[in-house]
Each structure stands twice: as structure tokens, then as C-alpha cells.
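# Close look at the chain arrangement
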Amino acid sequence: IDARLSDSDNVSGRYSFANFHTNGIQGALPVQLTGKSFNRPQNIALNWTRIISPTFVNEVRVGFNRAVFITDVLDWAGLGTGNASLGIAGTQAHDGLSSIAMGSGLTTIGSTAVIEDNVTNTFQYGDTLTMNQGRHFMKMGGQWLRYQQNRFYPGNNGLLGLFEYNGTFTGAAFADFLLDLLSRKGVGSQTGTWGHRQNRIGVFFQDDFKMKSNLTVNLGIRWEYTSPVVEVHDRQSNFDITTGRQLFAGRDGNSRALYDPYYKGFEPRVGFAWTPNTFDNKLVVRAGYGITQYME
């Protein structure tokens, strides 16, 4: 959408999305699960530019992005509760058969069923005011980004888990299997979605100052703040490496993020453009310097 609402107001907008869905082909054996996935990213962006006066222009930007990425396993053969069929006790969170490995992965049946569900929401707002005052061409504004991630991941052991036999007890992995002498077993989380939240804020001011007809100086400063990541129900912890004590979010005087925020994200910029008169205005000298912070 592009709309000219008045001589002073222009509005534009965009919505886009994509769908991707795939199922893996059948495995060599019915007990070998294959993968399937579903992805749906979509976003909307709106922009409003208003001419306040011949020397003042304001621009507002609003955006929202939602991305769904789901990676799953597919019981293509309809095995169902394969563990019960083999006499493995307990319930199972997904159709199929747990991974049973006999010796360095040379003989493996079943699957650990490692899946991952990711749903992220990103809300963004920005405003920029442009002013032209004599020799000064100035811009100021800011952005605010609200980030949400809702995720489920059972861990490397997967939903169905694993049983491993490596010959530790008899010298032969298959013999350990026949005697049910396990070297390792494990299973991942069965349920539970956690949600991470974060704010990212930036404000700036810049001035292109035309000191002379042939010399322009660029001055600017930006401040950015990336808030520590918190979990919506404080379900995260850390360890004090000096005492070995486990630290829980939001308890015993600990912050919800378990690490300190950083408020000194100042990013100055300075530069110039100069056209020496001695070269018939055919040469332009430019230089600039700035500091940019990078955070993961």
C-alpha cells in the first residue's frame, strides 16, 4: 500500500509471508523415523511520513515479525508405540522406537527423536525527526525493539531417548546388548516451552554542519541498550564459578537475567567532507570515525 493522504502525509505499508512444509522420504526400515518440518515467517511494516513545515519532517515506522520454525520427526511406517512392542517399560512422548545402538553407531535402530519448535515475535517502533536550520541539517530519533522467543527443545537425548551398548562388560557390543548391560541411557525433556524476552533500545542525534561552502562536518552520537534476557517464569539458572553454588533467577537477591545490564553503549561519530579550492573543485577528501558496539 502507498497512500498520499494529503499534501503533508504519505503512508506506506507491506505484508509478506511464506509457507514451507516438507515430509522426509521413508527410511530403510520401519523403525527408522524420518524428519518433517513446517516454517511460516510473516511480517508487516507501516511507514508514515509527515511534513510538519518546510524545514521539519517526521517519519514513523512500525513493524511486526512472527516466525514459526518447527522441526519434527515422522513415523512414516505407522509404528506407533514401538517401545511397548519390544517390552521397553514406560510411556513414550512420540510415536516410534527409542534409539538402540550397539557399538559406535555401526548397528543402530530407532531414533532419539530430537525435535525443535521455535516461535518468535518481534515488535519494532522507530521515529526520526529531520530539521534543516541554516547551516545545520540535523536528525534525531530512536528505535525500540521488543523480542519474544517461545521455544521447546528436548535436548540432545530427544523425546524418545537412547540405549547404548559398547562392549564395556563383555568386550562385544552385541553381547552386551543380549545381556542388557547398558553403557549409557538417557531421555530428553518431554514437555515444556520456555519464553525469553528482551528489549533493544537506541536513540541518536546527528548534525551535518556546513562550516564553509567547501567544508561539511558530520557530528553524531548514538546510545544503545540491550536488556538482559529474562525467562517469563524465571525458569533459568546459572552457577557462581567461585563458590560452585547454583543461582536461580529472581531468587535470593539474584536478578531475573542472572547477569548485569550494560548502560554505557555510547557510540560517537565524527567525519568531514572537504573540497580544496586549489584543484578546481575536482577533488573531495572524506574521513570519518565512529564506535559501534556489538553484542551477542
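Right above here is the structure, for reference.
Attention in this report is confined to the structure presented alongside it. Just so it is clear, the model here is predicted, and its values are computed rather than measured.

### Digging into the overall build of the chain
- Summing up its helical and strand segments, the chain has 2 helices and 18 strands in all.
- For the chain, whose C-alpha radius of gyration is 29 Å, the value lies well above the compact-globule estimate of 19 Å for 296 residues.
- Along the three orthogonal principal directions, the C-alpha set of the chain runs to about 90 × 50 × 45 Å.
- Here the chain holds 296 residues, and 31% of them are scored as buried.
- Accessible surface for the chain amounts to roughly 18500 Å². Of this, 57% is attributable to carbon and sulfur atoms.
- Distance between charge centroids for the chain: 8 Å, based on 26 positive and 24 negative side chains.

### A closer look at the layout of surface pockets
- Looking at the second largest pocket, its volume works out to about 230 Å³.
- Taken together, 17 residues make up the lining of the second largest pocket; nearest its centre are Asn83, Ser98, Leu160, Phe163 and Val187.
- Every element with two or more residues in the lining of the second largest pocket is listed here: β10 (162-165) and β11 (184-186).
- In the lining of the second largest pocket, the residues fall into 8 nonpolar, 8 polar and 1 charged.

### Looking at the sheet that holds β11
- Read across the sheet, 4 strands follow the order β7-β6-β10-β11 without closing on themselves; strand pairing throughout is mixed. The open sheet is flanked by β7 (108-109) and β11, the only strands paired with a single partner.
- Pairing between β10 and β11: 3 bridges, direction antiparallel. Note that in β11 the partner of Glu164 across the bridge is Arg184.

### Describing the environment of Asn121
- Tracing the chain through its elements places Asn121 in strand β8 (residues 116-133).
- Note: C-alpha distance between Asn121 and Asn43 (78 residues apart in sequence) is 9.6 Å.
- Sequence-distant contacts of Asn121, defined by excluding residues within four places in its chain, comprise Phe64, Asn65, Arg66, Arg146, Tyr147, Gln148 and Asn150.
- Here Arg66 takes part through its side chain, which lies 2.8 Å from a polar atom of the side chain of Asn121.

### Here's the deal with the packing of aromatic side chains
- Applying the stated rule across the entire model yields 6 aromatic pairs.
- A ring pair is formed by Tyr165 and Phe177, whose centres lie 5.4 Å apart and whose planes are at 80 degrees; its orientation type is edge-to-face. Of this pair, Tyr165 sits in strand β10 while Phe177 sits in helix α2 (residues 173-178), and the two are 12 residues apart along the sequence.
- Note on Tyr165: relative accessible area 6%, which makes it buried.
- Residues Phe174 and Phe177 carry aromatic rings whose centres are separated by 5.8 Å and whose planes lie at 35 degrees to one another, so their mutual orientation is tilted. Of this pair, Phe174 and Phe177 both sit in helix α2, separated by 3 residues, roughly a single helical turn.
- Residue classification places Phe174 among the partly exposed positions, given a relative accessible area of 49%.
- The class of Phe177 is partly exposed, set by a relative accessible area of 29%.
- Grouping aromatic residues by their ring pairs yields a cluster made of Tyr165, Phe174 and Phe177.
- Of note, Arg200 hangs over the ring of Tyr147, and the distance from its end group to the ring centre comes to 5.1 Å.

### Points about the nonpolar core
- Counting 7 residues, the largest nonpolar core is built from Leu33, Val73, Ala113, Ile115, Phe152, Leu159 and Leu160.
- With residues up to four places along the chain from it excluded, the contact list for Ala113 reads Val73, Pro154, Gly158, Leu159 and Leu160.

Scoring rules and cut-offs
Residues numbered from 1 in each chain as written. Predicted model: local features only at pLDDT ≥ 70, side-chain atom pairs only at ≥ 80, totals over all residues. Heavy atoms only, no water. Helix = DSSP H or I, 4+ residues; strand = E, 2+ residues; numbered from the N terminus. Rg over C-alpha atoms; globule rule 2.2 N^0.38 Å. Buried < 20%, exposed > 50% of the residue type's maximum accessible area, 1.4 Å probe, protein only. Areas by Shrake-Rupley, 256 points an atom, 1.4 Å probe, with all protein chains shown as cover. Lys, Arg positive; Asp, Glu negative; His and termini not counted. Charge placed at Lys NZ, Arg CZ, Asp CG, Glu CD. 1 Å grid on protein atoms, 1.4 Å probe; cavity = no way out; pocket = protein on both sides within 12 Å on 5 of 7 lines; lining within 4 Å. Points joined across faces, edges and corners; volume = space filled by probe spheres on them. Nonpolar A, V, L, I, M, F, W, Y, C, P; charged D, E, K, R; others polar. Pairing = 2+ DSSP bridges. Contact = heavy atoms within 4.5 Å. Polar contact = N/O pair within 3.5 Å; in protein donor to acceptor, adjacent residues only side chain to side chain. Phe/Tyr/Trp six-rings, centres within 6.5 Å; stacked < 30°, edge-to-face > 60°. Lys NZ or Arg CZ within 6 Å of the ring centre and 35° of its normal. Core = buried A, V, L, I, M, F, W, Y, C linked by side-chain atoms within 4.5 Å.

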